[in-house]
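So the chains spell out like this:
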Amino acid sequence: MPSIVGPIKINEVGGGVINFGDSFYLAPKSASKTAAGSGAFNTGDFINTNTGLNATNALDPDAVDQVVSGNA
């Protein structure tokens, strides 16, 4: 079905999907990387984490870790 879309102004998009009119296939893609030390992402009640010394190596010499642009 054809659709008519009126005037639109988008100031900012911070992640998400914008769809105008009819769409057959929507597949948003994203890639991210997080570096954190031991015990950083523990969740729950009454957590006791004894890690001693902690050093997280966040050096990343790769130019591209995960290519997302060509995936359809």
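Residues numbered from 1 in each chain as written. Predicted model: local features only at pLDDT ≥ 70, side-chain atom pairs only at ≥ 80, totals over all residues. Heavy atoms only, no water.

Novice: Honestly, the overall build of the chain in this entry has me stumped. Any pointers?
Specialist: Looking only at helices and strands, one finds zero helices and zero strands in the chain. Computed over its C-alpha atoms, the radius of gyration of the chain comes to 21 Å, more than 25% above the 11 Å expected for a compact globule of 72 residues. Principal-axis analysis of the C-alpha atoms places the extent of the chain at approximately 65 × 35 × 25 Å. Out of the 72 residues in the chain, the part that is buried amounts to 0%. Taking the contacts inside the chain whose residues are at least 6 apart along the sequence as the reference set, 27% of them involve residues at least 24 apart. (Helix = DSSP H or I, 4+ residues; strand = E, 2+ residues; numbered from the N terminus. Rg over C-alpha atoms; globule rule 2.2 N^0.38 Å. Buried < 20%, exposed > 50% of the residue type's maximum accessible area, 1.4 Å probe, protein only. Contact = heavy atoms within 4.5 Å.)

Novice: Which parts of the structure should I look at to understand unusual backbone geometry?
Specialist: Keep in mind that most residues, glycine aside, have a negative phi and that most peptide bonds are trans. Of note in this structure, Phe46 is not a glycine but carries a positive phi near 60°. On the accessibility criterion, Phe46 (84% relative accessible area) is exposed.

Novice: How should a nonpolar patch on the surface be read in this particular structure?
Specialist: A grouping of Val5, Ile8, Ile10, Val13, Ile18 and Phe20 is seen on the molecular surface, where their side chains present a nonpolar patch of about 520 Å² in accessible area. Given the relative accessible area of 41%, Ile18 is considered partly exposed. (Patch = residues over 30% accessible without salt bridge, like charges linked within 9 Å, V, L, I, M, F, W, Y side chains within 5 Å. Areas by Shrake-Rupley, 256 points an atom, 1.4 Å probe, with all protein chains shown as cover. Salt bridge = Lys/Arg side-chain N within 4 Å of Asp/Glu carboxyl O.)

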